[in-house]
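Topology and contacts: notes
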Number of protein chains: 2
Amino acid sequence: MPKKARIPDEIFMKRSLELAVKGCGFVSPNPMVGCVIVKNGKIIAEGYHKKFGQFHAERIAINSAISKGINIKGSTVYVNLEPCSHFGKTPPCTSAIIEHKIKRVVMGTIDPNPLISGKGIAALKKNNIEVTHGILEDECRELNRFFFKYIKTGLPYVTLKAAQTLDGKIADINYRSKWISSLESRKLVHEWRSEYDAVLIGKKTLECDNPSLTARLVKGRNPYRIIIDNELTPDLSYNLYSDKFTNKTIIITSKDPDTALMKILTKRRIRIIKAKIKDDKIILKDALKKLAKIGIASIMVEGGAYTFSEFINQRAADQLTIFTAPMIMGPGIETFRYIHHKKFENAKKVTCEKISSDILINIYL
Amino acid sequence: MPKKARIPDEIFMKRSLELAVKGCGFVSPNPMVGCVIVKNGKIIAEGYHKKFGQFHAERIAINSAISKGINIKGSTVYVNLEPCSHFGKTPPCTSAIIEHKIKRVVMGTIDPNPLISGKGIAALKKNNIEVTHGILEDECRELNRFFFKYIKTGLPYVTLKAAQTLDGKIADINYRSKWISSLESRKLVHEWRSEYDAVLIGKKTLECDNPSLTARLVKGRNPYRIIIDNELTPDLSYNLYSDKFTNKTIIITSKDPDTALMKILTKRRIRIIKAKIKDDKIILKDALKKLAKIGIASIMVEGGAYTFSEFINQRAADQLTIFTAPMIMGPGIETFRYIHHKKFENAKKVTCEKISSDILINIYL
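Residues numbered from 1 in each chain as written. Chains lettered and ligands numbered in written order. Predicted model: local features only at pLDDT ≥ 70, side-chain atom pairs only at ≥ 80, totals over all residues. Heavy atoms only, no water.

A look at the relation of the copies chain B and chain A
Counted only if it meets this: Least squares is used to superpose the copies, and the fit set is the C-alpha atoms of residues whose pLDDT is at least 70 in both copies.
When chain B is brought onto chain A, the operation consists of a screw motion whose angular component is 180° and whose axial shift is 0.0 Å, with 0.1 Å RMSD remaining. What we have between these two chains is a two-fold relation. Closest to the rotation axis within chain B is the C-alpha of Gly168(B), separated from it by 2.6 Å.

So, in structure tokens, the structure goes:
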């Protein structure tokens with residue numbers, strides 16, 4: 001019988017990515033990881049990291065094979081991220097791979113953590129396991145861009161999401177904005193809310209829109225909801241302070257609450273994170289560092305103009321996601337009204353796509 | 001021998017469109033037309049309308065076959081537009097089709113001119129020629145959208161073309177704009193200049209940019225260059241009034257030139273078109289009607305803010321073509337600064353694509 005042509009590694013890596021994404025919204029601040037075990041060109045087991053604190057993808061795939069009595073000796077493991085080689089909340093994945101006499105491991109990217117990057121590969125090679133890495137590397141990095149940023153910098157990945165008109169306005173002069181983007185665009189935003197660890201708004205947006213910032217238009221978990229309120233004068237009747245998800249509300253401020261306020265916030269399980277200020281403005285990177293410390297690895301900033309502008313001026317944004325609706329507002333509130341001349345000439349990537357009648361522009365900074 | 005499966009009409013219609021587009025920039029105000037003659041599933045002759053006043057595509061294809069001694073009797077003719085059945089600058093195409101005993105004619109669209117629409121089909125059917133129409137109809141209509149507008153309304157097709165920043169500015173507060181869009185975007189604009197019959201600007205843009213409005217970045221013919229100057233006070237040192245293409249310069253105004261000015265304009269072959277005004281503003285549709293009368297079937301409006309706004313406010317635009325560069329201007333000149341709240345909710349189509357680092361948005365009104 002003629003030897004079969006080897007199926008390209010990309011095919012199985014793509015499947016790993018498909019599996020990985022199933023963990024979206026539940027594994028943070030861990031990365032999304034999918035794993036496929038292949039023998040004689042066929043997938044014999046699969047797995048993905050389902051929830052923070054639980055087993056990693058490699059171990060889930062291996063356990064799945066074992067539970068079905070499948071012999072994985074001599075097989076190839078595909079995984080979008082370098083397997084861990086240290087004890088964390090679960091035992092190292094490399095041990096399981098070595099123990100079960102896997103022949104070859106194919107990885108998308110190596111671990112971004114400089115302290116452990118390459119250690120998984122070394123452990124495998126030491127045990128004569130063939131290692132290939134860099135397969136669909138860009139896709140693998142893109143999928144876990146929140147994790148990569150978080151691990152490398154200790155800061156969450158920050159996306160500024162705006163829905164504006166062709167003339168760059170997020171609201172009319174009376175701060176009304178509800179009707180700018182299409183239903184499909186708004187649904188997409190709710191999907192993202194279930195994927196980002198947190199959404200963030202400024203106090204003006206809270207006061208104008210009284211938003212809920214939940215993922216109610218889709219099936220998915222709700223994010224943390226962060227309000228920047230330097231003066232710490234919250235009107236506790238707003239949704240974010242009074243609905244049934246107040247345990248997911250966080251206030252960023254430089255002030256200390258008085259006893260009365262503290263009592264109410266504690267009762268409602270609303271958290272306060274104190275950040276440093278400069279010229280009466282919250283130092284965003286200080287706030288972000290503190291948010292990262294409580295496990296928030298990704299934030300979608302949803303407005304308004306002042307907050308967007310501050311994130312750009314303080315160089316605290318990683319991505320701009322701008323829905324542009326086919327309409328002209330005329331006089332109104334500019335999305336980036338406090339920015340003077342900013343060219344994103346070093347942007348890693350700029351993309352566009354149609355979402356219903358809107359244009360979705362993404363700029364990766 | 002088994003009968004071959006019939007090759008779909010779309011394949012040959014696509015080829016007709018490919019041929020038609022070769023006439024782009026040279027046939028206006030005629031439509032772009034391509035023709036393919038097919039026998040036994042094979043293309044045996046091709047042709048396209050090359051230049052206004054010259055032979056139509058059908059006759060060119062037929063003549064090409066005859067000159068090579070190819071027998072076209074019993075063949076199928078594919079053409080993106082209904083063949084003409086009247087004497088214009090050239091004899092009717094239907095006569096040639098009938099005379100050469102073509103068996104079947106496949107058309108993209110019927111003629112948009114209500115006076116002759118369907119007459120070509122009738123002439124063919126009367127002579128027992130099988131007729132199919134509506135093949136790739138949308139593409140055929142899109143290709144000749146200038147012609148369709150011109151024939152149906154007696155007005156040129158008008159596209160507003162702007163290069164703006166993410167925050168909807170076409171220039172900084174000092175009206176500087178040269179650096180907004182990428183070289184690739186500017187090349188595309190020059191290509192369009194060679195395809196539109198004319199480009200048009202307002203007086204302020206003339207004064208700020210002193211543009212040439214030629215198609216110098218590409219190989220192609222230059223368009224007419226139209227300036228709206230209601231007061232008729234041209235500074236004759238500007239490029240449009242003094243370069244070697246002044247015979248392609250047209251001034252739209254409501255005033256009469258004095259004798260001295262008229263003498264210079266005549267010498268430089270600069271034309272004046274008088275248009276009606278209302279509230280001191282040029283009535284654009286009146287100007288457009290007069291431009292159509294001298295054979296201008298398509299105009300690309302290149303600025304500035306006042307002119308863009310007037311075209312939208314006076315409902316005189318058919319298409320918006322907006323390059324959005326990945327930068328924020330901050331204070332500056334808004335593309336549509338004189339427009340209050342305009343929603344393009346009935347737009348026929350909205351598209352987007354990447355051109356280098358810019359986003360190109362098209363809105364077909």
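Focus on the side chain of Glu302(B)
All names here are of chain B. In plain terms, the rule: The numbering of helices and of strands both runs from the N terminus, where a helix is a DSSP run of H or I of at least 4 residues and a strand a run of E of at least 2. Polar contacts here mean pairs of N or O atoms no more than 3.5 Å apart (in protein, one a potential hydrogen donor and the other a potential acceptor; neighbouring residues in sequence count only if both atoms are side-chain atoms). Throughout, a contact is declared for two residues whenever any of their heavy atoms are within 4.5 Å.
You can see Glu 302 is positioned in the loop between strand E14 (298-301) and helix H12 (305-313). Among the polar contacts listed, one links the side chain of Glu 302 to the side chain of Lys 161, at a separation of 3.2 Å. If we skip the residues at most four places from it in the chain, Glu 302 touches Lys 161, Val 189, Arg 193, Val 199, Leu 200, Ile 201, Leu 213 and Phe 308.

Brief notes about the sheet that holds strand E1 (residues 34-39) of chain B
Sheet strands line up and pair through hydrogen bonds in the backbone, either parallel or antiparallel. Residues and elements named next belong to chain B. The following threshold applies: At least two DSSP bridges between two strands are required for those strands to pair. Only the contacting stretch of a helix is used when fitting its axis, a line to C-alpha atoms as for every element, and angles between N-to-C directions run 0 to 180 degrees.
As summarised here, the arrangement of the five strands in space is E2-E1-E3-E4-E5, forming an open sheet in which the pairing is mixed. Strands with a single pairing partner mark the edges of an open sheet, and in this sheet they are strand E2 (42-48) and strand E5 (130-133). Across the sheet, the mean angle separating the axes of adjacent strands is 20° when strand polarity is ignored. The strands touched by helix H4 (residues 119-126) are strand E4 (104-109) and E5; relative to E5, the strand with the most contacts, the crossing angle is about 155°.

A word on the nonpolar core
Definition in use: The criterion is simple. A nonpolar core is a set of buried Ala, Val, Leu, Ile, Met, Phe, Trp, Tyr and Cys residues joined through side-chain atoms within 4.5 Å. Exposure is judged per residue with a 1.4 Å probe applied to protein chains only, and the accessible area is read against the type maximum: over 50% gives exposed, under 20% gives buried, and values in between give partly exposed.
Residues Ile299(A), Phe311(A), Ile299(B) and Phe311(B) are the most contacted members of the largest nonpolar core, which totals 82 residues. With residues up to four places along the chain from it excluded, the contact list for Ile299(B) reads Pro156(B), Tyr157(B), Val158(B), Thr159(B), Tyr196(B), Ala198(B), Val199(B), Leu200(B), Ile226(B), Leu288(B) and Leu291(B).

Describing the confidence of the model for chain A
Interpretation of the predicted coordinates at a detailed level should be avoided for regions scoring low in pLDDT. What counts, and what does not: What pLDDT conveys is the predictor's confidence in a given residue, as a value from 0 to 100.
Averaged over every residue, the pLDDT of chain A is 93; residues scoring 70 or more account for 98%. Note on the complex model: pTM 0.89, ipTM 0.86.

A short note on the environment of Ser309(B)
Residue and element names in this part refer to chain B. Within the secondary structure layout, Ser 309 lies in helix H12. In this structure Ser 309 comes out as buried when scored by relative accessible area, which is 0%. Remark: the alpha-carbon pair of Ser 309 and Arg 337, spanning 28 residues in sequence, is separated by 6.9 Å. Residues within four places of Ser 309 in sequence aside, it is in contact with Thr 335, Phe 336, Arg 337, Tyr 338 and Ile 339.

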